[in-house]
Amino acid sequence: MPCGACPLSSTALGLRVLLVYVLVTASTQNRSFPPASEASSRSPSQCKDDMTDLHQGYAGPSGWVICADLYQNVQLSVQRSMGQNSADIKWKNMQNKVAIAEMFLNHSASYFGEYKGRVSCDAQCNTLCLQNFTQADEGNYEKTETPKDGTQHKWTVHLLMLRSPKGLNISVPSKNSSDDELTLHCQAQEGTCLSYWWLKDGKPLPLDGRHQLSQWNQTLKIVNVTREDCVNYTCEGANRLGLVAAWRLLSDKNSSACAKATFSATHTLAISVGIICLLGFCLIIYCTHRHRQGSHLQLDQRTTKGRKYVHGGSRHRLGPPTPQYASHTRGRGRPV
């Protein structure tokens, strides 16, 4: 069931995924799914024992919506009732037009067909308890109250099986009716009784009055759009069985206010790429220069070494050894 406006920080996605996993694991370990025969044998007083907050449902656009787990008991009720003024109350399955229960003048309720032994009413039959919920029980249920004046009042309850969310998507009109206003809508392809959260650039939505959420948080409306609003938005949808997320970056296709932001971002990116390319080019030139210097140095070393070999000391010269001259002789240049 949807919750109120409750956007969280950028780390909320990972934390909620872990929380959902723990809850699902715990509920799976602690829950046993009895066969239909055993579940249907429960007494009507046990109906409320299996109820959770999720089963209480929420007000949808065309009636009260309730999600239920398989093989659990479900309470079908509506928000409004005529109370003691009703002379006749009827419950009907709208899928197959089958009557379920009827109470006349606050007497004991009567149950019909396959619902005998599976349903029970409260004191005034304003709430209907359906035991051992199965997928075949999904559908629309109608409650009709007829006061003593003969006028009829009808309410609809939509009973759904709880399903995991899948395929979340954020839709934004290509051009809104006004550039000062933007509307983002979040919708899951699959999943029932989802709660929705929104994040702006990975952070909670600002409480500035410009970011307005619909009743169940599925739609985010931004008024007086500025350049700072042209960032990435995250929508998360979750129920007790799982969590999914979707992202959307606003651009000049959605609002003219994003045109300058897009240009600025593109300009900054182009400058950054240019600087990186220039640094890379300078690095290539530097490495090439060093490589050439190293090659010339090796060539010079080989040339110098060759010269030493040809023009070096006497140990490398050919022919007889050079005569040695005494340092203390009478005659200059005379051999010892």
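Residues numbered from 1 in each chain as written. Predicted model: local features only at pLDDT ≥ 70, side-chain atom pairs only at ≥ 80, totals over all residues. Heavy atoms only, no water.

## What about the overall build of the chain?
Summing up its helical and strand segments, the chain has three helices and 18 strands in all. Within the chain, the proportion of its 336 residues that are buried is 35%. Intrachain contacts of the chain at a sequence separation of at least 6 include 59% that bridge at least 24 residues. Working note: accessible area of the chain is about 20,900 Å², and carbon and sulfur atoms make up 56% of it. (Helix = DSSP H or I, 4+ residues; strand = E, 2+ residues; numbered from the N terminus. Buried < 20%, exposed > 50% of the residue type's maximum accessible area, 1.4 Å probe, protein only. Contact = heavy atoms within 4.5 Å. Areas by Shrake-Rupley, 256 points an atom, 1.4 Å probe, with all protein chains shown as cover.)

## A closer look at a nonpolar patch on the surface
Taken together, the side chains of Ile271, Ile275 and Leu279 define a hydrophobic patch exposed on the protein surface, amounting to about 290 Å² of accessible area. Here Ile271 shows up in helix 3 (residues 257–311). Take Ile271: its relative accessible area is 43%, and that puts it in the partly exposed class. (Patch = residues over 30% accessible without salt bridge, like charges linked within 9 Å, V, L, I, M, F, W, Y side chains within 5 Å. Salt bridge = Lys/Arg side-chain N within 4 Å of Asp/Glu carboxyl O.)

## Overview of the state of the cysteines
For the structure shown, the criterion picks out four disulfides. The disulfide bridge from Cys121 ends at Cys125, spanning 2.1 Å between sulfur atoms. At a sulfur-sulfur separation of 2.0 Å, the disulfide partner of Cys230 is Cys258. Residues Cys230 and Cys258 are joined by a disulfide whose S-S torsion is about -85°; by sign, that bridge is left-handed. Within this pair, whereas Cys230 is found in the loop between strand 16 (219–223) and strand 17 (232–239), its partner Cys258 is found in helix 3, the two being separated by 28 residues in sequence. (Disulfide = S-S within 2.5 Å.)

## Here's the deal with the pattern of salt bridges
In the structure shown here, the tally under the stated rule is nine salt bridges. The closest approach of N and O atoms between Lys221 and Glu181, which form a salt bridge, is 3.6 Å. Within this pair, whereas Lys221 is found in strand 16, its partner Glu181 is found in strand 12 (residues 181–190), the two being separated by 40 residues in sequence. Given a relative accessible area of 29%, Lys221 falls into the partly exposed group. Overall, Glu181 belongs to the partly exposed group, its relative accessible area being 26%. Two residues, Asp208 and Arg210, come together in a salt bridge whose shortest N-O distance is 3.4 Å.

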